[in-house]
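Okay, here's what each chain looks like letter by letter:
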Amino acid sequence: MSILAHRLMRLIETHATALAEALETKIATSDRCTNYSRVSSDELKTLVGGIYGQLGQWLVTKTEEDIERRYTMIGARRAEQCVPVSQLLWCIVMVKENLWDYLKNNESLENTAQIFGELELMQMVDQFFDRAMYYAVRGHERVREARLSELTKSKPA
């Protein structure tokens, strides 16, 4: 990883709280996340702040199994809160877009070398969030499948 990509990660991690707060506002006003009113503000800020605040670890040192554990749990939790899977996925997309908005609007990222650092980071972040979406959906589906299985078993023959 380039020094510049490392610096960009540190910039994001340093502003994790502000990023999480900005995202919370975007989710609260999004037509595509209406059921997120069932998710507490503290829960959302803790989860998102943990991603932004430890982005370097998530991108560099965490394994795919770590991502699977985290996002399977999140997917299952949203299923328990009756958040539709489409809203779960849109929220993850918003986490990523919120990050890009921050980077685009950051005045200290204006020279060409920094653009290459951004592109390297973008590729790593996209790969991370693509896997995050997959495992969140799997967690959601597992809870749904278990509920359907219970319903099937409880019906008289």
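Participant: With reference to specific residues and values, describe the confidence of the model for the protein.
Facilitator: Across the protein, the average pLDDT comes to 88, with 91% of residues at or above 70. Mean pLDDT values for the elements of the protein range from 83 in helix 1 (residues 3-14) up to 96 in helix 5 (residues 64-80).

Participant: If you had to explain the nonpolar core to someone new, which residues and values would you point to?
Facilitator: One finds Tyr36, Tyr52 and Tyr71 to be the most contacted residues of the largest nonpolar core, which totals 43 residues. When residues of this core are traced back to their parent elements, those giving at least two are helix 1, helix 2 (16-28), helix 3 (41-53), helix 4 (55-61), helix 5, helix 6 (85-105) and helix 7 (112-154). Top element by residues in this core is helix 6. It accounts for ten residues. Those residues in contact with tyrosine 52 that sit more than four places away from it in its chain are Ile12, Glu13, Ala16, Leu19, Ala20, Leu23, Val95, Asn98 and Leu99.

Participant: Any details on the environment of valine 39? Residues and values, ideally.
Facilitator: Looking at the element boundaries, valine 39 is found in the loop between helix 2 and helix 3. Residue valine 39 is classed as buried on the basis of its relative accessible area, which comes to 8%. Between the C-alpha atoms of valine 39 and glutamine 81, which are 42 residues apart in sequence, the distance is 7.2 Å. Once residues within four sequence positions are removed from consideration, valine 39 is found in contact with Leu44, Arg78, Gln81 and Val83.

Participant: Tell me what's going on with the state of the cysteines, and back it up with residues and numbers.
Facilitator: The final tally for this structure, using the stated rule, is zero disulfides. Its sulfur unpaired, cysteine 33 is 5.3 Å from the next cysteine sulfur, which belongs to cysteine 91. On the basis of relative accessibility, which here comes to 2%, the residue cysteine 33 falls in the buried class. Residue cysteine 91 is classed as buried on the basis of its relative accessible area of 4%.

Participant: Report on the pattern of salt bridges, specifying residues and quantitative values.
Facilitator: The final tally for this structure, using the stated rule, is nine salt bridges. For glutamate 24, the salt bridge is made with lysine 45, and the minimal N-O distance between the two is 3.6 Å. With glutamate 24 in helix 2 and lysine 45 in helix 3, this residue pair connects regions lying 21 residues apart in the sequence. Judged by its relative accessible area of 22%, glutamate 24 falls in the partly exposed class. We classify lysine 45 as partly exposed; its relative accessible area is 29%.

About the criteria used
Residues numbered from 1 in each chain as written. Predicted model: local features only at pLDDT ≥ 70, side-chain atom pairs only at ≥ 80, totals over all residues. Heavy atoms only, no water. pLDDT = per-residue confidence, 0-100. Helix = DSSP H or I, 4+ residues; strand = E, 2+ residues; numbered from the N terminus. Core = buried A, V, L, I, M, F, W, Y, C linked by side-chain atoms within 4.5 Å. Buried < 20%, exposed > 50% of the residue type's maximum accessible area, 1.4 Å probe, protein only. Contact = heavy atoms within 4.5 Å. Disulfide = S-S within 2.5 Å. Salt bridge = Lys/Arg side-chain N within 4 Å of Asp/Glu carboxyl O.

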